[in-house]
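Here is how the chains run, residue by residue.
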Amino acid sequence: MKPIILTHGGAGRPTPDAPDSTGAREEAIKVCLAACEAGAGALRNGVADAALEAAIAAAIVLEDDPRFNAGTGANLRLDGSLELDASVATGDGRFAAVACLRATKNPVLVARELLRTPHVMLCGEGATRFARQRGFAEASMVTEKALKRWKAARERLATGNLRPYEQKWKEMQFHGTIGAVARARDGTFAVTCSTGGTSMMLPGRIGDTPIWGAGVFAGEHGAVCSTGHGELCIKRMAAWRVYQRIAKGEHPQAAAQAEVDDFPEPYEVGFIAVSKDAHGIAATGGYMPAAAVEAG
Ligand code: GLY
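Residues numbered from 1 in each chain as written. Predicted model: local features only at pLDDT ≥ 70, side-chain atom pairs only at ≥ 80, totals over all residues. Heavy atoms only, no water.

A. The overall build of the chain, seen in detail. Across its full length, the chain holds eight helices and eleven strands. The C-alpha extent of the chain, read off along each of the three principal axes, is 55 × 45 × 35 Å. The buried share among the 296 residues of the chain stands at 58%. Of all intrachain contacts in the chain linking residues separated by at least 6 positions in sequence, the fraction that spans at least 24 positions is 69%. In the form shown here, the chain has an accessible surface area of approximately 11,600 Å², with 54% of it arising from carbon and sulfur atoms. (Helix = DSSP H or I, 4+ residues; strand = E, 2+ residues; numbered from the N terminus. Buried < 20%, exposed > 50% of the residue type's maximum accessible area, 1.4 Å probe, protein only. Contact = heavy atoms within 4.5 Å. Areas by Shrake-Rupley, 256 points an atom, 1.4 Å probe, with all protein chains shown as cover.)

Next up, the structure:
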């Protein structure tokens, strides 16, 4: 099979009304492409577990880029704390996730480490302790930009000057979750996903990213990564829905677009998906930086 890797930098970003949204979008797509290239190495070299290694290598590039809401630069919670969610999954049934992980540079690596244990998910204090025990150093991922976003979110909350998406709480605009899906030459699939959550959230809030079937799904027919309104992705089991369509023979593009079209307004969602012989990228309004690289 033809190896391929896809990455995304979060549904709804950059918003069309953002200053220089075209430039920001081009920049974000460039980073997605660089992340694909980082993962494509594993696919080309045919390393063991190539799809998983590729999806992890791509996710690390995006987690380390402070412009994305994952790893370094992730959003802060309303109390100023920073908690991270991430997951990894493969088409042969492996899945592991961490939620509300604190002060750790690459949450996807901690999720991968968890694959070596009997558990599929750790959260909060337990996840953070596990990371330290397995040698992941304590690190601060708080950036000036994230602090600015946090202050702005608090200000909007205090003044009631909320965006349309914020009317319930009220805002779900600052996505920028990252993710990758890969298909290796041997026909195996993998997916990784990582996020700092949304722009307004309580400490302890968990979104779709670490939830099997919501943020990620992989099986014998392909792999899917979701991004967008985490609560709705969980309730709709968004990644699973897209996968089910692929399993029934739909093209991944059509499968992803169908779930985008069905997603209730005004909430945003986006997907990257691969099947045995095709791939797809779809997001609400098309606002999602993403890239795909064939590796062979
Ligand atoms: N989709 C990321 C989140 O809601 O946490």
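B. Spotlight on the side chain of T128. In this fold, T128 is placed in helix α4 (residues 124–133). You can call T128 buried: its relative accessible area is 14%. Those residues in contact with T128 that sit more than four places away from it in its chain are C100, L101 and R102.

C. Quick peek at the sheet that holds strand β11 (residues 290–294). Ordered in space as β4-β3-β2-β6-β5-β1-β11, the seven strands form an open sheet in which the pairing is mixed. Strand pairing shows two members of the sheet lacking a second neighbour, β4 (121–123) and β11, which therefore form its edges. Sheet twist, expressed as the average angle between the axes of neighbouring strands with direction ignored, equals 5 degrees. Pairing of strand β5 (residues 178–183) with strand β6 (residues 189–195) involves six bridges; the strand directions are antiparallel. Across the sheet, the residue bridging to A180 is T192, located in β6. Packing of α4 onto the sheet brings it into contact with β3 (95–101) and β4, and relative to β3 it is tilted by some 110 degrees. (Pairing = 2+ DSSP bridges. Axes fitted to C-alpha atoms, helices over the stretch in contact; angles between N-to-C directions.)

D. Spatial organisation of the environment of K2. Tracing the backbone shows K2 in the segment before β1 (4–8). A C-alpha to C-alpha distance of 29 Å links K2 and G176, two positions 174 residues apart in sequence. Residues within four places of K2 in sequence aside, it is in contact with R183, E294 and G296.

E. Local environment of the packing of helix α7 (residues 238–247) against helix α8 (residues 252–262). Here α7 crosses α8 at 140 degrees, and the two axes come no closer than 8 Å. With respect to α8, the element α7 is oriented oblique. In terms of crossing hand, the pair formed by α7 and α8 is right-handed. On the side of α7, the interface is formed by A238, R241, V242, R245 and I246, while α8 contributes P252, A255, A256, A258, E259 and D262. (Parallel < 35°, antiparallel > 145°, perpendicular 65-115°, else oblique. Left-handed = near helix turned anticlockwise from the far one by under 90°.)

F. Up close: the site of the ligand. Neighbouring the ligand are T177, T195, G197, R205, G207, D208, T209, G228 and G230. Between the ligand and D208, the relevant distance is 2.7 Å, taken from a nitrogen atom to a side-chain nitrogen or oxygen of the residue. One nitrogen or oxygen atom from the main chain of G228 is found 2.8 Å from a nitrogen atom belonging to the ligand. Here the ligand loses 100% of its free accessible area of 200 Å² to cover by the protein chains. (Near = heavy atom within 4 Å. Polar contact = N/O pair within 3.5 Å; in protein donor to acceptor, adjacent residues only side chain to side chain.)

G. Layout of unusual backbone geometry. In this structure, the amide linkage connecting E265 to the following residue, P266, adopts the cis form with an omega of 0 degrees. By the element assignment, P266 lies in the loop between α8 and β9 (269–275). At C100, a position not held by glycine, the phi torsion is positive, near 55 degrees. By the secondary structure assignment, C100 is in strand β3. When its relative accessible area of 5% is taken as the criterion, C100 is described as buried. The phi dihedral of A103 is positive, around 45 degrees, even though this residue is not glycine.

H. Here's a closer look at the nonpolar core. Core analysis: the largest hydrophobic core is formed by 43 residues, its most contacted members being I5, L43 and V110. For this core, the elements supplying multiple residues, two or more each, are α1 (21–45), α2 (50–64), β2 (84–90), β3, α3 (107–114), α4, β5 and β11. Every residue in contact with I5, bar those within four places of it in the chain, is listed here: C36, G39, A40, L43, A54, A55, A58, V181, A182, A291, A292 and V293. (Core = buried A, V, L, I, M, F, W, Y, C linked by side-chain atoms within 4.5 Å.)

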